[in-house]
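# Remarks on the overall topology
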Amino acid sequence: RLPRVFVSPRAAVSHPELRLGNHVYLGDRVVVYRTGDGGPVEFGDRVHLYGDTFVETGMGGRIGIGEGTHLQPGCHIHAYLAEVRIGKRVEIAPGCGFYCYDHGMAPGLPIMEQPLTSKGDIRVGDGAWLGYGVTVLQGVTIGAGAVIAAGSVVTRDIPENAIAGGIPAKVLKFRGDLEPQPSLSH
């Protein structure tokens, strides 16, 4: 039985190893692309990628996004040489970027001709929340339930349930330090 998915007619999907769970949504101008020998892309059940999101693998890089995770418009995930693994029920605000590689910078050779390097995988734990315009760089783990403030650049690991922000992102406090909020009844 084929999974039930919605792929906008204005999306561009060119990835032979794309694996989709049930009720996946790929919105307008979403691009899922493989360059050369890029690895698989896997979207779990109920993953939503909204407009203008770009997902790319190359040079053995892989991408996995867990069930119920939402990427708001304008996000970019580029996995070269390593894996980007995003957990379940993660909320990713518009304009976020994930980059698990870097270009060399040796003199005498244009940047576009420099070899790529990587410090390792990017991992985002279940239930995390990344605010508008967060950039996550190579070799970083963001723990389950962590919250990353808008505009932050994550260059090192962030523990579970931490609230972090800044350039580079630093732990500001933990969610357990906050006053409990009344629950909303529907």
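So, a few notes on the structure that sits alongside this text. (Residues numbered from 1 in each chain as written. Predicted model: local features only at pLDDT ≥ 70, side-chain atom pairs only at ≥ 80, totals over all residues. Heavy atoms only, no water.)

## Considerations on the pattern of salt bridges
Inspection of the entire model under this criterion finds ten salt bridges. Note that Arg85 is salt-bridged to Glu83, the shortest N-O span being 2.7 Å. With a relative accessible area of 30%, Arg85 lands in the partly exposed category. Using a relative accessible area of 11% as the deciding quantity, one classes Glu83 as buried. When salt bridges with common partners are traced through the structure, they connect Glu17, Arg19, Arg34, Glu42 and Arg62 into a single cluster. (Salt bridge = Lys/Arg side-chain N within 4 Å of Asp/Glu carboxyl O. Buried < 20%, exposed > 50% of the residue type's maximum accessible area, 1.4 Å probe, protein only.)

## Focus on a nonpolar patch on the surface
A cluster of nonpolar side chains, namely Val5, Val7 and Val13, defines an oily patch on the protein surface of about 190 Å² accessible area. As for its placement among the helices and strands, Val13 is situated in strand E2 (residues 12-14). (Patch = residues over 30% accessible without salt bridge, like charges linked within 9 Å, V, L, I, M, F, W, Y side chains within 5 Å. Areas by Shrake-Rupley, 256 points an atom, 1.4 Å probe, with all protein chains shown as cover. Helix = DSSP H or I, 4+ residues; strand = E, 2+ residues; numbered from the N terminus.)

## Focus on the nonpolar core
Ranked by internal contacts, the top residues of the largest apolar core, which has 39 residues, are Phe43, Phe98, Leu130 and Ile142. With residues up to four places along the chain from it excluded, the contact list for Ile142 reads Arg123, Val124, Gly125, Ala128, Leu130, Val136, Ile148, Val154 and Ile158. (Core = buried A, V, L, I, M, F, W, Y, C linked by side-chain atoms within 4.5 Å. Contact = heavy atoms within 4.5 Å.)

## Quick word on the sheet that holds strand E5 (residues 31-35)
The strand order across the open sheet formed by seven strands is E2-E5-E8-E11-E14-E19-E22, and the pairing between neighbours is parallel. Of all strands in the sheet, those with a lone pairing partner are E2 and strand E22 (153-154), marking the two edges. (Pairing = 2+ DSSP bridges.)

## Some remarks on the pairing of strand E12 (residues 83-86)
Both strand E9 (residues 62-65) and E12 contribute to a ladder of four bridges, which runs parallel. Residue pairing across strands places Gly64 opposite Arg85, the latter belonging to E12.

## Considering the state of the cysteines
In protein chemistry, a disulfide is the covalent bond that joins the sulfur atoms of two cysteines. Counted according to the given criterion, the structure contains zero disulfides. Left without a disulfide partner, Cys75 is nearest to the cysteine sulfur of Cys96, which lies 4.8 Å away. The class of Cys75 is buried, set by a relative accessible area of 0%. Judged by relative accessible area, which is 1%, Cys96 ranks as buried. (Disulfide = S-S within 2.5 Å.)

## Focus on the sheet that holds strand E13 (residues 91-92)
Within the open sheet, the nine strands sit side by side as E1-E4-E7-E10-E13-E18-E21-E23-E24. Their pairing is mixed. The open sheet has two edge strands, strand E1 (5-7) and strand E24 (170-174), and neither has a second partner. Here strand E21 (residues 147-148) pairs with strand E23 (residues 162-165) via two bridges, running parallel. If you follow Val147 over to E23, its bridge partner there is Ile163.

## Section: the side chain of Thr69
When you line up the elements, Thr69 lands in the loop between E9 and strand E10 (70-71). What makes Thr69 buried here is its relative accessible area of 0%. Among the polar contacts made by the side chain of Thr69, one reaches the main-chain carbonyl oxygen of Gly66 at a distance of 3.2 Å. In this structure the side chain of Thr69 is engaged in a polar contact, spanning 3.2 Å, whose partner is the backbone nitrogen of Arg89. In this structure Thr69 touches Arg46, Val47, His48, Ile86, Gly87, Lys88, Arg89 and Val90, once residues within four positions along its chain are discounted. (Polar contact = N/O pair within 3.5 Å; in protein donor to acceptor, adjacent residues only side chain to side chain.)

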